[in-house]
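Here are the chains, one letter per residue:
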Amino acid sequence: MTEPKRIGMEVSIAISEAVRQCDADVISAYPITPQTHVVEHLADLAAQGLLDCEIIPVESEHSALSACIGSSAVGARTFTATASQGLALMVEIMYIASALRMPIVMAVANRALSAPINIWCDHSDAMLARDTGWIQYFVENGQEAYDMTLCSFRIAEDNRVMLPITLNFDGFTLSHVVESLVPLTDEQVREFLPPFTPVYRLDPKNPVSMGPVGIPEIYTEAKKAHDEAILASRAVIDEVWADFGKRFGRHYQAVEHYRTEGAQTLLVGMGGLTESMRGAVDLLRDKGKRVGLIRLRLFRPFPHEDLRKALGDAGTVIVFDRCLSTGGPGGPVASEIRSALYNLPKRPAIVSFIGALGGRDVRTSQFAELIERSEATAASGSIPDYEMVGVRE
Amino acid sequence: MKRLPTWKEFPLGCVVTTPGSAVLFETGDWRSYFPRTDEDKCIACGVCWLFCPDNSRRKVPRKVKRPGAMYADYFDFNFKYCKGCGICAAECPSCAITMIEESAK
Amino acid sequence: MSTNFNIFAARLLSQDELFTQGHRACQGCSPALAMRLIGKALGFNMIVANATGCMEIICSPYPFMAWTVPWIHVAFENTAAVASGIEAGIKTLRRKKRHYIDTGEKIAIVGIGGDGGTMDIGIQALSGALERGHDFIYVCYDNEAYMNTGIQRSSGTPFGASTSTSPAGSRSIGQTTPKKDFAEICAAHNIPYVATANVAYPFDLIEKMRKAKEAKGPAVIHLFAPCPTGWGCTASSSIKLARLATETGLFPLYEVVNGKYALSLDIEKLRPVEEYAAIRNVRDYLYDETAGCKDAQGRYRHLSPDLVARIQEQAHARYERLKAKVRMTQEW
């Protein structure tokens, strides 16, 4: 087996290539910037006979996910992709897809929600889908986007999980950017990913009914079962990532630590912008400051324990959210982290920043400045609930 | 359901693995009228059976035998499920069915 | 008393019951009867995708289930999309030789939705599925309002009918717009088979379901099925009223096979619409003692003779237009 080469590939194309290697059966998607390249490439692969699948060019994202449920229900490996407004339109069905336990894999090219209409990156679309019961993670670079796509099918379709997965990646700053990555060979993927054998299938030979009426007497138990399922999926996620690491040498965890040894101040972020955050940590470490970065890769199921361990001993935790919860208590991730750490006997000061909305860039130097400013804020004892950064006053 | 299930007892995604289990629910106690079939007038055409929304007409052997295989039985109602809508009485081509009040039984 | 004499072969129909007793539909529910007849027409080799609505609710309170075939309910407006996914999934799995490979016979994929879930909120998904040419059947059971949620008007509600959101009153005649011509919308997608059917003509319905299954591509059946609860009529009159709807020309039975129109039942002399609404006898309900049923629809009780005349005119005009389409397309 020859060693795979390092190549340059646009991240959207990398995701599509991963889907091809996974031999997806049905792709049902609707175009929306900046996800378009993912589906276009898949359509191209199908047209050239390189991927044997049905491409359903549906008439809306709502129908895209509905068709995905239909195809997953008969046992087909199903993939879709969307962003922003498309995700918003799909949300009704997202709740249903996860409660019906359909292992659909969806790539989301994170993009801001209207109004005003904005096609550039932020996490507001992903945050809209927080409570839908899907497994969700955020990737940082092209290699990770590719690797996570391969892992997603294996995690989702595992009979102990049977839950759909959202793979969040930056719109434009990842989707339309050529990154260097090392792809796996088709054979390596085939060995890593078993075929899809669903627990239940719509088959006249063995009829079942999916989606009954959940009367009050049973609805609570049904939701409990769903919740337990997503919590239990964490063990499978770790297992699959560990296996991936063992086979291919790239190790992924729910929560990533960067230069956190002895750090008094920790910056927390998700997605592609964490590369800039890393640069800021390096800048400050060079100056002798004890700062580190915690990157949240797995967002749902929320890694409470990992975060408590990672952040519990810090003095100041700065959470950078790429989404505004308008009129809410703070950035979404900041609110969740505050909640996770609240019951600790000794807990850090938590500072919430919201920025990089609608594709606005936040530079390494700006992150460094935010970290330094936050240490002073935390020391003063009067921390605002949240602060929007980069606003022209 | 004799005892309500615990959360662990639910199949994946609340899938119902027993199709046709609706028959466990007997809707017969809904009715206020029941259909009385006059065996003599019934020509066993099956129209009442065809038009019953609740599949509550069934073939029953005649008490008084009639010549011919088609006439060996006639159609009567299934008291466990019949909701007493009266469609059978309205559609019967030989007017063999009358709706009688349950309390008049 | 039935006047339709070609239904005496009823007892020779399939004895299989794919939609069992014990469902929670109202007494006299003709859509429930329609489900039973669809089962008889298609047999066990079918998969049902059901929209939220009366027929979905009554058959599926967990853990009871009236269908004995594979069945899935997702949401209200996306049945045609779910059916598209099922069709694409089965097609791919067959081609890749993973599942569904040993059934030589075609599996009928049937999307079932009410008039609200199809003509209003579901029209986008249906239009998309028809345009993409998926090989499936869509049955719209039309009881002319959103019955499950409390008799609210839909685009299938006919002119002059009173519903809870288009009620008749001193300032309103009820529904002010005509019934959406759903079969025409489907025919405009140039699909292989479109047909209107009526629960009061069960053999015609069964035959049309079979043709729909055989069609290579999408097929749509617009199925008329009265709702006694919503129409304010007695439970026993649902079949009679369905029959009258066709006999008065208000719901003609026809097919569009690859663009060619054909009447299933060409009625020389249409009955007057008063018989359908029975408003002539609004204070003196027709009471047939032998059959023990009443005819009258509460939803039309408020109609003035002017409005009845207008409905009559519209019915005749539409019927003539339909006959003209039949003549025109048969000559192609």
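Reading guide: rules and limits
- Residues numbered from 1 in each chain as written.
- Chains lettered and ligands numbered in written order.
- Predicted model: local features only at pLDDT ≥ 70, side-chain atom pairs only at ≥ 80, totals over all residues.
- Helix = DSSP H or I, 4+ residues; strand = E, 2+ residues; numbered from the N terminus.
- Rg over C-alpha atoms; globule rule 2.2 N^0.38 Å.
- Buried ≥ 20, exposed ≤ 12 C-beta atoms within 10 Å, placed from the backbone.
- Contact = placed C-beta atoms within 7 Å.
- Pairing = 2+ DSSP bridges.
- Right-handed = clockwise from strand over helix to strand, strands pointing away.
- Core = buried A, V, L, I, M, F, W, Y, C linked by C-beta atoms within 7 Å.
- Domains from an automatic or database assignment.
- Nonpolar A, V, L, I, M, F, W, Y, C, P; charged D, E, K, R; others polar.
- Axes fitted to C-alpha atoms, helices over the stretch in contact; angles between N-to-C directions.
- Parallel < 35°, antiparallel > 145°, perpendicular 65-115°, else oblique.
- Left-handed = near helix turned anticlockwise from the far one by under 90°.
- pLDDT = per-residue confidence, 0-100.

With that settled, the discussion passes to the overall build of chain B. When you go through chain B residue by residue, the secondary structure sums to two helices and four strands. Of the regular secondary structure in chain B, the N- to C-terminal order runs β-α-β-β-α-β. In terms of overall size, chain B is more extended than a compact globule, its C-alpha atoms giving a radius of gyration of 18 Å where 105 residues would be expected to give roughly 13 Å. Expressed along its principal axes, the backbone C-alpha trace of chain B runs to roughly 60 × 35 × 20 Å. Buried residues in chain B amount to 42% of all 105 residues. Taking all contacts inside chain B whose residues are at least 6 apart in sequence as the whole, residues at least 24 apart take part in 75%.

Residue Pro34 of chain A is reached from Thr33 of chain A by a cis peptide bond, and omega for that bond is -5°. Examined against the element boundaries, Pro34 of chain A turns out to sit in the loop between strand 2 (26–28) and helix 2 (36–47). With an omega of -10°, the peptide bond between Ser114 of chain A and Ala115 of chain A qualifies as cis. The phi angle at Ala44 of chain B is positive, at roughly 55°, despite the residue not being glycine. One can find Ala44 of chain B in the loop between strand 1 (33–37) and helix 1 (47–51). For Glu144 of chain C, which is not glycine, the phi dihedral falls at a positive 65°. Looking at the element boundaries, Glu144 of chain C is found in the loop between strand 4 (137–142) and strand 5 (168–169).

Turning next to the pairing of strand 7 (residues 165–170) of chain A. All names here are of chain A. Counting buried residues in strand 7 gives six out of six residues, a clear majority hidden from the surface. Taking every second residue as pointing to the same face, both faces of strand 7 are buried, with Ile165, Leu167 and Phe169 on one and Thr166, Asn168 and Asp170 on the other. Both strand 5 (residues 105–110) and strand 7 contribute to a ladder of six bridges, which runs parallel. If you follow Val108 over to strand 7, its bridge partner there is Asn168. As judged from the four bridges shared by strand 6 (residues 135–138) and strand 7, these two strands associate in the parallel manner. Across the sheet, residue Tyr137 finds its bridge partner in strand 7, namely Leu167. Handedness of the crossover joining strand 6 and strand 7 through helix 6 (residues 142–157) is recorded here as right-handed.

To continue, consider the nonpolar core. Core analysis: the biggest nonpolar cluster contains 262 residues, and Ile69 and Leu267 of chain A together with Leu223 of chain C have the highest contact counts within it. Both domain 1 (7–248) and domain 2 (255–388) of chain A contribute no fewer than three residues apiece to this core.

Moving on, we come to the interface of chain B and chain A. Quite often, the size of an interface is put as the accessible area lost when its parts meet. The partner chain A presents 17 residues to the 12 residues of chain B that form the contact. Each residue belonging to the side of chain B that touches chain A can be placed in one class, and the counts come to nine nonpolar, three polar and no charged.

Of the residues lining the interface, 39 residues belong to chain A; the matching set on chain C comes to 41 residues. Broken down by element, the residue count for the side of chain A that touches chain C peaks at nine residues, all from helix 3 (residues 61–73) of chain A. Considering only residue class, the side of chain A that touches chain C consists of 21 nonpolar, 11 polar and seven charged. As judged from the two bridges shared by strand 9 (residues 209–210) of chain A and strand 2 (residues 71–73) of chain C, these two strands associate in the parallel manner.

Turning next to the domain arrangement of chain A. Residues and elements named next belong to chain A. Domain boundaries in chain A define domain 1 (7–248) and domain 2 (255–388). In this assembly, 26 residues from domain 1 lie in contact with 19 residues from domain 2. For the side of domain 1 that touches domain 2, the secondary-structure elements that each account for two or more residues are helix 5 (124–128), strand 6, strand 7 and helix 8 (216–248). If one sorts the elements of the side of domain 1 that touches domain 2 by residue count, helix 8 sits on top with five residues. Taken together, the residues of the side of domain 1 that touches domain 2 sort by class into 13 nonpolar, eight polar and five charged.

Residues and elements named next belong to chain A. Close contact between helix 3 and helix 4 (residues 84–99) brings their axes to 7 Å; oriented N to C, the two are set at 25°. One finds that helix 3 runs roughly parallel with respect to helix 4. For the crossing formed where helix 3 meets helix 4, the hand is right-handed. Across from Glu61, His62, Ala64, Leu65, Ser66 and Ile69 in helix 3, the residues of helix 4 making contact are Gly86, Leu89, Met90, Glu92, Ile93, Met94, Ile96 and Ala97. The residue inventory of the contact of helix 3 with helix 4, partitioned by class, reads nine nonpolar, three polar and two charged.

A few words on the sheet that holds strand 14 (residues 316–321) of chain A. All names here are of chain A. Ordered by their spatial adjacency, six strands build an open sheet running 10-12-11-14-15-16, and the pairing between neighbours is mixed. On the outer flanks of this sheet lie strand 10 (255–258) and strand 16 (387–388), each paired with one strand and no other. Note that strand 10 and strand 12 (residues 291–296) share four bridges and pair antiparallel. Residue Glu256 lies in a different strand from strand 12, and its bridge partner there is Arg295. Helix-sheet contacts for helix 9 (residues 274–286) involve strand 10, strand 11 (265–269) and strand 12, and the interaxial angle to strand 12 is about 165°. Against the sheet, helix 12 (residues 364–380) contacts strand 11, strand 12, strand 14 and strand 15 (349–354), and its axis sits at roughly 135° relative to strand 14.

Turn by turn, an α-helix covers 3.6 residues, leaving residues three or four places apart pointing in a common direction. Residues of helix 5 (residues 123–132) of chain C that are buried: Ala125, Leu126, Gly128, Ala129, Leu130 and Arg132 of chain C. In this structure, the buried side of helix 5 of chain C is in contact with strand 3 (54–56) and helix 3 of chain A together with helix 3 (79–95), helix 4 (115–120), strand 4 and helix 6 (182–187) of chain C. After helix 5 of chain C finishes, the residue Gly133 of chain C shows a positive phi value of roughly 75°.

Moving on, we get to the packing of helix 6 of chain A against helix 8 of chain A. In helix packing, the relevant descriptors are the interaxial angle and the interaxial distance, both defined with respect to the helix axes. Residue and element names in this part refer to chain A. Interhelical geometry of helix 6 versus helix 8 gives an angle of 130° and a closest axis separation of 10 Å. As judged from the angle between their axes, helix 6 and helix 8 are oblique. Handedness of the helix 6/helix 8 crossing: right-handed. For the pair helix 6 and helix 8, the contacting residues are Asp147, Cys151, Arg154 and Ile155 in the first and Val236, Ile237, Val240, Trp241 and Phe244 in the second.

Looking at chain B, pLDDT values average 90 and 95% of them are 70 or higher. As scored by the predictor, the complex reaches a pTM of 0.94 and an ipTM of 0.95.

The next thing to look at is the environment of Ala187 of chain C. For Ala187 of chain C, the position within the fold is in helix 6. Once you skip the residues sitting within four places of it in the chain, Ala187 of chain C turns out to touch Val194 and Val256 of chain C.

Attention shifts here to the sheet that holds strand 4 (residues 78–82) of chain A. Strands in a sheet are paired, the pairing made by backbone hydrogen bonds, and the direction either parallel or antiparallel. Residues and elements named next belong to chain A. Across the sheet, which stays open at both edges, the seven strands sit in the order 3-2-4-5-7-6-13 with mixed pairing between neighbours. Across the chains shown, the open sheet's two edge strands, defined by having one partner strand only, are strand 3 and strand 13 (298–300). On average, each strand axis in the sheet is tilted by 20° relative to the strand beside it, whichever way the strands run. Pairing of strand 2 with strand 3 involves three bridges; the strand directions are parallel. Its bridge partner lying in strand 3, Ile27 is registered against Ile55. Docked against the sheet, helix 3 engages strand 2, strand 3 and strand 4, running at close to 165° with respect to strand 4. Against the sheet, helix 6 engages strand 5, strand 6 and strand 7, with an angle of about 170° to strand 7.

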